[in-house]
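Here is how the chains run, residue by residue.
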Amino acid sequence: MALEAGTETAAPASRPSSTRWSGMALMVGSGLSNQVGASVAALALPVLGPVGVVAVRQWVAAAVLLSAGRPRLRSFSAAQWRPVLGLAVVFATMNLTLYAAIGRIGLGLAVTLEFLGPLAVALASSRRRTDLVCALAAAAAVAILARPQPSTDYLGIGLALVAAVCWGCYVLLNRTVGERLPGLQGSAAAAAVSGVLYLPVGVAVLWLHRPTAGALLCAFAAGVLSSAVPFLADLLALRRVPAHFFGIFMSVNPVFAALIGMVVLDQRLDAASWLAIAMIVTANAAAVAPRR
């Protein structure tokens, strides 16, 4: 996902326009890198399967975040370890269910449904009438995406919704981790634990399904493009743009995913699916917009 830590302070609104434009460029680069990484991972799915691809991605993410956060694991208290371990399980489950969903229903629809997680968190704490409209729009969009058809993959939709629940839990747990641990230590520790959790099963999968060099390269590239690049780009972007603007801009990721899925993976969506994506993107942008 985008920024793993979520603890950086956003730029004040008085930044010069040149700085704001550079922040926007970084956000575009982050979103494109994240979704290109997911599409590259999809190319490795037939060889490595979701578990093999996610294992490699988690190992790459752990290496990146450990080098950036440098957590002092021995000094963590029990109260600090509890949310970190919860976050590690969320990391492991979220990426596995998302990649499994991508393999079944395509990149655009899987990422769009996953975005319901942070949208639900944003709506749950609000009492605005606008947010009720957002919730109804999101529910209608899910109904459109899950409408009965001969080609409807309900398991794939279910996996994407599990990933959405995990992303919502990630948002909540990350707040707690940020409160209890300084800087990036909590996210780095969670990524490391998640990587360790994938060691036995990942090694077993890679041993039983001997990977090709191309599949391993795709999985490694997915880890870099979907973890390392977005992490650094988001970190720099949050120093240049306000936090609410960052949140609104993140809503375009489902659109990026659908377009990249069409170009890279030849996954084409019908008009109704595009309508559902637009509804969820609009609902998410409205939900994170500043209160007036």
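Described below are features of the structure shown in this document. Remember, it's a predicted structure, so these values are computed and weren't measured experimentally.

What counts and how
Residues numbered from 1 in each chain as written. Predicted model: local features only at pLDDT ≥ 70, side-chain atom pairs only at ≥ 80, totals over all residues. Heavy atoms only, no water. 1 Å grid on protein atoms, 1.4 Å probe; cavity = no way out; pocket = protein on both sides within 12 Å on 5 of 7 lines; lining within 4 Å. Points joined across faces, edges and corners; volume = space filled by probe spheres on them. Helix = DSSP H or I, 4+ residues; strand = E, 2+ residues; numbered from the N terminus. Nonpolar A, V, L, I, M, F, W, Y, C, P; charged D, E, K, R; others polar. Phe/Tyr/Trp six-rings, centres within 6.5 Å; stacked < 30°, edge-to-face > 60°. Buried < 20%, exposed > 50% of the residue type's maximum accessible area, 1.4 Å probe, protein only. Lys NZ or Arg CZ within 6 Å of the ring centre and 35° of its normal. Patch = residues over 30% accessible without salt bridge, like charges linked within 9 Å, V, L, I, M, F, W, Y side chains within 5 Å. Areas by Shrake-Rupley, 256 points an atom, 1.4 Å probe, with all protein chains shown as cover. Salt bridge = Lys/Arg side-chain N within 4 Å of Asp/Glu carboxyl O. Axes fitted to C-alpha atoms, helices over the stretch in contact; angles between N-to-C directions. Parallel < 35°, antiparallel > 145°, perpendicular 65-115°, else oblique. Left-handed = near helix turned anticlockwise from the far one by under 90°. Contact = heavy atoms within 4.5 Å.

### Considering the layout of surface pockets
Alright, step 1. In this model, the second largest pocket occupies a volume close to 270 Å³.
Alright, step 2. Lining the second largest pocket we find 15 residues, and of these Leu-109, Leu-145, Gln-149, Ser-151 and Thr-152 sit closest to its centre.
Alright, step 3. Elements supplying a minimum of two residues to the lining of the second largest pocket: α2 (78–105) and α3 (107–114).
Alright, step 4. Looking at side-chain class alone, the lining of the second largest pocket contains 6 nonpolar, 4 polar and 5 charged residues.

### So, the packing of aromatic side chains
Alright, step 1. Per the stated rule, a full pass over the model turns up 3 aromatic pairs.
Alright, step 2. Summarising the aromatic geometry, the rings of Phe-76 and Trp-81 are spaced 5.1 Å apart at their centres and angled 55° between planes, so their arrangement reads as tilted.
Alright, step 3. Judged by its relative accessible area of 9%, Phe-76 falls in the buried class.
Alright, step 4. Ring geometry for Phe-115 against Trp-167: centres 4.9 Å apart, planes inclined by 85°, an arrangement best described as edge-to-face. Taken together, the residues Phe-115 in the loop between α3 and α4 (116–124) and Trp-167 in helix α6 (residues 154–180) connect sequence positions 52 residues apart.
Alright, step 5. Owing to a relative accessible area of 3%, Phe-115 belongs among the buried residues under this scheme.
Alright, step 6. The lysine or arginine in question, Arg-210, covers the ring of Trp-207, its NZ or CZ lying 4.1 Å from the ring centre.

### Concerning a nonpolar patch on the surface
Alright, step 1. A cluster of nonpolar side chains, namely Leu-43, Val-263 and Val-264, defines an oily patch on the protein surface of about 280 Å² accessible area.
Alright, step 2. Look at Leu-43 and you get partly exposed, because its relative accessible area is 46%.

### Some words on the packing of helix α5 (residues 129–145) against helix α11 (residues 271–288)
Alright, step 1. Running from N to C, α5 and α11 cross one another at 155°; their axes reach a closest spacing of 9 Å. Taken together, the axis directions place α5 and α11 in an arrangement best described as roughly antiparallel. In this structure, α5 meets α11 at a crossing whose hand is left-handed. Contacts between α5 and α11 pair Asp-131, Cys-134, Ala-137, Ala-140, Ala-141, Ile-144 and Leu-145 from the former with Ala-272, Ser-273, Leu-275, Ala-276, Met-279, Ile-280, Ala-283, Ala-286 and Ala-287 from the latter.
Alright, step 2. Looking at the contact of α5 with α11 residue by residue, the classes come out as 14 nonpolar, 1 polar and 1 charged.

Read these as spatial facts, not as claims about activity.
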